Structure formats: C-alpha cells, structure tokens
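# Topology and contacts: notes
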Amino acid sequence: LAVGVGEAANFVAYAFAPATLVTPLGALSVLVSAVLSSTFLNEQLNVHGKIGCILSILGSTVMVIHAPQEEEVSSLESMAEKLKDPGFIVFAVCVLLSSLLLIFVAGPRYGQSNVLVYVLVCSAIGSLSVSCVKGLGIALKELFSGKPVLKEPLGWMLLVCLVICISIQINYLNKALDIFNTSVVTPVYYVLFTTAVMICSTILFKEWQHMVLDNVIGSISGFLTIVSGIFLLHAFRDMPFTPNLLPLFLQPGRADLHPPWSSADRHQSCQHQPLLPSEDKGSQSAEEEE
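For clarity, every value in this text was computed on a predicted model and none was experimentally measured.

A tally of regular secondary structure across the protein chain gives 11 helices and zero strands. Mapped in sequence order, the helices and strands of the protein chain form the string α-α-α-α-α-α-α-α-α-α-α. Intrachain contacts of the protein chain at a sequence separation of at least 6 include 80% that bridge at least 24 residues. Accessible area for the protein chain stands at about 17,600 Å²; split by element, carbon and sulfur atoms hold 67% of it.

What follows is the structure, given as structure tokens:
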C-alpha cells in the first residue's frame, strides 16, 4: 500500500511539475529510506551516509529554487504535437536502437562483467516511460474536467507504451541487481536514469529553452550535489567507520597519549636519542663502572 501511494504521488507530480525537477527529487526517497532503516531496523548509517543525506537535501533545495519551466501542455492535442517533433522522434529512435544493441549484442558479451550494460537499458527506456507518464497525467486532468478522453487513441497508446517500458525497466534492473551489488547498481542507475530523463524532457518539453544562465548553473549544480550525496550514501554503506580511522588529535581518549613538552616525564625528541642500540648502551655502562 505504501509503495502504491508513493508511486501515485509521483505520477501526480509528473502531471503538474517539470520532469527535470521531479526525477532528481526522487533521491529524497533514498534518503528517507536510509534514515528510517537506521531508526527502525537498526541498520548502520555511518558518517559517509549522513554526509550523503545532507548533500542530497542541499542539492534538492538548489534544484527547487532554480527549477526550469516547461512549455505549457494542457491537452492531448498539444501533447501529440510535441510527440511529432522531429527532435523527439530522432531521440526516441536512438533510444530504441541503442537499447536493442545493448540487449542483443552487448548483453550476452559484457552483461555479466559490466554494470553499465543493463543499467543503460533501464535508464534509456525509463526516459520514454516518463514521457508516457506525462501524457497520461494530462489525459487524467482532461478526464476529470469532463472531456471525452477515453475516445482519444493517444491516451491508450501512451498507456500501452508505459506498460511495455516499465516491464523492460523492471526486468533488466532485476538482472543488474542479481549480478552486481546493490550499493553499485543504485547510484549508477540513479545518475544515468536522471540524466536520460533530463535530456528527454529538454527535447520534448523545451524546459531549458528560456532559462537564464543562473538557473541553468543552479540546476546542474543541484543535480551534481544530489549525485554526490547518493554516491556517498550507497558506495560506503557497508564500510565501517570507527573512531580509529580519525586522526589522532580527533580520536577520543587519545589526547593524553602525547603529554605536553613542559611535563617532567616528557619523551625525548628524535634529535636527543642515543646513537647506540640499547644492548650496546648497556655494555658501555658496564665498562664505565669497571
């Protein structure tokens, strides 16, 4: 039920906000999962994970402030015009051809040794599924407003394409998770999927066309900050971080190991150490006594 409610909310977000903003903010689900699992399941959240959570929050805030504005698409007719754009058609054909090459050519050869093969398939197909979600969101808004959307063939075509795209995504994401560690697959998939969605939305909805330079730099900086946070949260998740890894002056209880030079029992410096070994020093003192 929780997953269903979350996906429904994500679906609504795509209908009312730019995909370039909604997709990167999906990183917050990773952050919330990490915090809740640490609280209720007693899973370890080390210093790297906490820093990653902070970076994800900061990057999400920056992206919200500098969010792009997509071209207004209020009906299925305008959505159909967007889908007929030559730039999007070229992008969709390139995505399909590259996915077929990855599945049938690169997959049997490198799928077991390279994490990028199956994750690239999920990311590329995922960018098309987001476009389908946007179209279905527009169709639902028209349906609730009383328009005869069910008679439009475009809505049903988008629904069929969405089911196919999601099925391919789940299939190859599970293959990647079966072969490689989750801490490797999750950050790589997030980065590639978000990048593909941003490229697709830029081509389809012209989200970056009227943005000023400040907002472009802010959006890219926020996205890279989220990527850094997700990387720290997952890549070092299984790495124990103990106080022994800290520098000596930061370790608790280590401050008294090196007393100040003004104390009476301070250690001699390296410049005042005897040149002879301890055994030679003992024999030399015996000779002096004789």
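Text resumes after the structure shown.
This part covers a nonpolar patch on the surface. Taken together, Ile89, Val93, Leu97, Leu100, Leu101, Phe104 and Val105 make up a surface patch of nonpolar side chains, about 670 Å² in accessible area. Relative to the helices and strands, Val93 is located in helix α6 (residues 86–110).

Here the focus is the packing of helix α4 (residues 47–65) against helix α10 (residues 213–235). Viewed as axis vectors pointing N to C, α4 and α10 meet at an angle of 160°, and their least axial separation amounts to 7 Å. If you check the angle between α4 and α10, you find them roughly antiparallel. With respect to the hand of their crossing, α4 and α10 are arranged in left-handed fashion. Contact residues: His48, Gly49, Ile51, Gly52, Cys53, Leu55, Ser56, Gly59, Ser60, Val62 and Met63 in α4; Gly218, Ser219, Gly222, Phe223, Thr225, Ile226, Ser228, Gly229, Ile230, Leu232 and Leu233 in α10.

Throughout the structure, instances matching the rule amount to two aromatic pairs. With a centroid separation of 5.7 Å and 35° between ring planes, the pair formed by Tyr118 and Tyr172 is classed as tilted. Remark: Tyr172 occurs in helix α8 (residues 153–179) and Tyr118 occurs in helix α7 (residues 116–144); sequence separation between them is 54 residues. Assessed through its relative accessible area of 9%, Tyr118 is described here as buried. Assessed through its relative accessible area of 10%, Tyr172 is described here as buried.

Here we come to α6. Taken as a whole, α6 carries its principal kink of about 35° at Leu102. For α6, every residue scored as buried is listed here: Phe88, Phe91, Ala92, Val95, Ser99, Leu102, Ile103, Ala106 and Gly107. Where α6 begins, one side-chain oxygen reaches toward the backbone nitrogen of Gly87, 3.1 Å away; that side chain belongs to Asp85.

Here we take up the packing of helix α5 (residues 76–83) against α8. Relative orientation of the contacting elements α5 and α8 amounts to 60°, with a least axis distance of 10 Å. Considering the angle they form, α5 stands oblique to α8. Between α5 and α8 lies a crossing whose hand is left-handed. Across the interface between the two elements, Leu76, Ala80 and Leu83 from α5 touch Leu154, Gly155 and Leu158 from α8. Taken together, the residues of the contact of α5 with α8 sort by class into five nonpolar, one polar and no charged.

Here we come to the side chain of Ser123. When you line up the elements, Ser123 lands in helix α7. By relative accessible area, Ser123 is classed as buried at 2%.

Another point: the environment of Leu162. Note on placement: Leu162 falls in helix α8. Leu162 sits in the buried class, given a relative accessible area of 9%. Separated by 31 residues in the primary sequence, Leu162 and Ser131 place their C-alpha atoms 8.7 Å from one another.

Per the UniProt entry, the sites bearing "transmembrane region" (unreviewed entry) are residues 12–35, 47–67, 87–108, 115–139, 154–172, 184–204 and 216–236 in this numbering. With 100% helix and 0% strand, residues 87–108 has its two end C-alpha atoms placed 31 Å apart. The span residues 154–172 is 100% helical and 0% strand by assignment, and the distance between its end C-alpha atoms comes to 27 Å.

Moving on, we come to the nonpolar core. Core analysis: the largest hydrophobic core is formed by 46 residues, its most contacted members being Met79, Leu83, Phe88 and Leu128. Of all the elements in the fold, those that place two or more residues in this core are α2 (19–25), α5, α6, α7, α8 and α9 (182–205). Residues from two domains meet in this core; each of domain 1 (1–70 + 213–239) and domain 2 (74–206) gives at least three. Counting 12 residues, the second-largest nonpolar core is a separate cluster that includes Ala27, Ala67, Phe223 and Ile230.

With that settled, consider the environment of Ile168. The topology assignment puts Ile168 in helix α8. When the C-alpha atoms of Ile168 and Gly126 are compared, they prove to be 8.8 Å apart, with 42 residues separating the residues in sequence. Ile168 has contacts with Val121 and Ile125, leaving out every residue within four places of it along the chain.

Moving on, we come to the state of the cysteines. Summed over all chains, the structure comprises zero disulfides. Between Cys161, a free cysteine, and Cys132, which holds the nearest cysteine sulfur, the sulfur-to-sulfur gap is 5.0 Å. Taking the relative accessible area as the measure of exposure, Cys161 reaches 37% and is therefore partly exposed.

Definitions and cut-offs
Residues numbered from 1 in each chain as written. Predicted model: local features only at pLDDT ≥ 70, side-chain atom pairs only at ≥ 80, totals over all residues. Heavy atoms only, no water. Helix = DSSP H or I, 4+ residues; strand = E, 2+ residues; numbered from the N terminus. Contact = heavy atoms within 4.5 Å. Areas by Shrake-Rupley, 256 points an atom, 1.4 Å probe, with all protein chains shown as cover. Patch = residues over 30% accessible without salt bridge, like charges linked within 9 Å, V, L, I, M, F, W, Y side chains within 5 Å. Salt bridge = Lys/Arg side-chain N within 4 Å of Asp/Glu carboxyl O. Axes fitted to C-alpha atoms, helices over the stretch in contact; angles between N-to-C directions. Parallel < 35°, antiparallel > 145°, perpendicular 65-115°, else oblique. Left-handed = near helix turned anticlockwise from the far one by under 90°. Phe/Tyr/Trp six-rings, centres within 6.5 Å; stacked < 30°, edge-to-face > 60°. Buried < 20%, exposed > 50% of the residue type's maximum accessible area, 1.4 Å probe, protein only. Bend = angle between axes of the 7 residues up to and from the residue. Polar contact = N/O pair within 3.5 Å; in protein donor to acceptor, adjacent residues only side chain to side chain. Nonpolar A, V, L, I, M, F, W, Y, C, P; charged D, E, K, R; others polar. UniProt positions renumbered as here; feature names shortened; annotations may be inferred. Core = buried A, V, L, I, M, F, W, Y, C linked by side-chain atoms within 4.5 Å. Domains from an automatic or database assignment. Disulfide = S-S within 2.5 Å.

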